[in-house]
Amino acid sequence: GESVGLHLPTLSVQEGDNSIINCAYSNSASDYFIWYKQESGKGPQFIIDIRSNMDKRQGQRVTVLLNKTVKHLSLQIAATQPGDSAVYFCAEQGNDYKLSFGAGTTVTVRA
Amino acid sequence: DSGVTQTPKHLITATGQRVTLRCSPRSGDLSVYWYQQSLDQGLQFLIQYYNGEERAKGNILERFSAQQFPDLHSELNLSSLELGDSALYFCASSRTSGPSGGQFFGPGTRLTVL
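Residues numbered from 1 in each chain as written. Chains lettered and ligands numbered in written order. Predicted model: local features only at pLDDT ≥ 70, side-chain atom pairs only at ≥ 80, totals over all residues. Heavy atoms only, no water.

Colleague: Any chance you could break down the overall build of chain A for me, citing the residues and the numbers?
Modeller: When you go through chain A residue by residue, the secondary structure sums to zero helices and eleven strands. Secondary structure elements of chain A occur, N-terminal to C-terminal, as β-β-β-β-β-β-β-β-β-β-β. Taken against the 2.2 N^0.38 rule, which gives 13 Å for 111 residues, the C-alpha radius of gyration of chain A at 13 Å falls within 12% of a compact globule. Projected onto its principal axes, the C-alpha positions of chain A cover 40 × 25 × 20 Å. For chain A, buried positions account for 42% of its 111 residues. A fraction of 52% describes how many contacts in chain A between residues 6 or more apart in sequence connect residues 24 or more apart. Of the accessible surface of chain A, which amounts to about 5500 Å², a share of 45% is contributed by carbon and sulfur atoms. (Helix = DSSP H or I, 4+ residues; strand = E, 2+ residues; numbered from the N terminus. Rg over C-alpha atoms; globule rule 2.2 N^0.38 Å. Buried < 20%, exposed > 50% of the residue type's maximum accessible area, 1.4 Å probe, protein only. Contact = heavy atoms within 4.5 Å. Areas by Shrake-Rupley, 256 points an atom, 1.4 Å probe, with all protein chains shown as cover.)

Colleague: Hey, could you go over the interface of chain A and chain B for me, with residue numbers and the actual values?
Modeller: If you look at the interface, chain A gives 17 residues, while chain B gives 16 residues. Summed over both partners, the interface of chain A with chain B buries about 1400 Å², with 62% contributed by carbon and sulfur atoms. It is A:Pro44, A:Tyr97 and A:Phe101 in chain A that bury the most area against chain B; as a group they hold 35% of the surface buried on that side. Linking chain A with chain B are zero salt bridges, by the criterion used here. At the junction of chain A with chain B, the criterion picks out three residue pairs in polar contact (both at pLDDT 80 or more). Elements represented by at least two residues in the side of chain A that touches chain B include exactly strand E4 (32–38), strand E5 (45–51), strand E9 (86–93) and strand E10 (99–101) of chain A. (Buried area = accessible area lost by both parts, 1.4 Å probe. Salt bridge = Lys/Arg side-chain N within 4 Å of Asp/Glu carboxyl O. Polar contact = N/O pair within 3.5 Å; in protein donor to acceptor, adjacent residues only side chain to side chain.)

Colleague: So what about the sheet that holds strand E7 (residues 64–68) of chain B? Which residues, and what values?
Modeller: Residue and element names in this part refer to chain B. Pairing is antiparallel across the open sheet formed by four strands, whose spatial order is E1-E3-E8-E7. Strands at the two margins of the open sheet, each flanked by one partner only, are strand E1 (5–7) and E7. Strand after strand, the sheet turns through a mean of 15 degrees between neighbouring axes, direction not considered. Of the pairings in the sheet, the one linking strand E3 (residues 19–24) to strand E8 (residues 74–78) comprises five bridges and is antiparallel in character. (Pairing = 2+ DSSP bridges. Axes fitted to C-alpha atoms, helices over the stretch in contact; angles between N-to-C directions.)

Colleague: Outline the packing of aromatic side chains, listing residues and values.
Modeller: Counted by the stated rule, this structure contains ten aromatic pairs over all chains. The interplanar angle of 50 degrees and the centroid separation of 4.6 Å between the aromatic rings of A:Tyr25 and A:Phe33 together place this pair among those described as tilted. For the pair A:Tyr25 and A:Phe33, one class covers both residues: buried. Between the aromatic rings of B:Phe90 and B:Phe105, the centroid separation amounts to 6.4 Å while the plane-to-plane angle is 75 degrees, which identifies the pairing as edge-to-face. Highlighted residues: B:Phe90 in strand E9 (residues 87–94) and B:Phe105 in strand E10 (residues 104–105), separated in sequence by 15 residues. The buried category is assigned to B:Phe90, whose relative accessible area is 1%. Residue classification places B:Phe105 among the buried residues on the basis of a relative accessible area of 6%. Among the aromatic side chains, those forming a connected cluster through ring pairs are A:Tyr36, A:Phe46, A:Phe101, B:Tyr33, B:Tyr35, B:Phe45, B:Phe90 and B:Phe105. One Lys or Arg, B:Arg55, reaches over the ring of A:Tyr97 and ends 3.8 Å from the middle of that ring. (Phe/Tyr/Trp six-rings, centres within 6.5 Å; stacked < 30°, edge-to-face > 60°. Lys NZ or Arg CZ within 6 Å of the ring centre and 35° of its normal.)

The structure is reproduced here in structure tokens:
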């Protein structure tokens, strides 16, 4: 079946810098996308979502961008903090309501 | 604390056995989702229930089944267990029929099949 993938498995970021985590998806019928954060030893945490009728959505320190033309999703984290160190997953959902997850990007914040 | 509870926290069993994992959603949440997370397969969506009815089905094996009860708690039944079923099983809940607006995960049940 179709799947969601991430461009890079790891990302190292200097504290205070902005982070950009990328995700490519292949199902053009997907109409809803979510970013999750998972800290070591914990369950995933819903960060932000976006529907396919939007290009951008902002939350607290996070922004999700959706480019449907190239089927690309990104998560931007402003002023990255040590507490942002985690694995980040993107997920897509189509009209069958199934959620498909990418492999995850491990973000490490350097002090 | 997300407000979603899962029991048990850890479960160790043998191949061929059957286990039941339990999930209580946050108060007021009508949807319950089950996920499996393993090192080789990553995070996999298994199934979703909304207000007692099956809403979406993912990569759930025929040996696995789930249900959501009138009080909205949910159980995931895993039978004829195999070594490859060893994984973390997460439950999540949301207020509505989809994750939009927030989806909250429990701490997970770690299943080890020996």
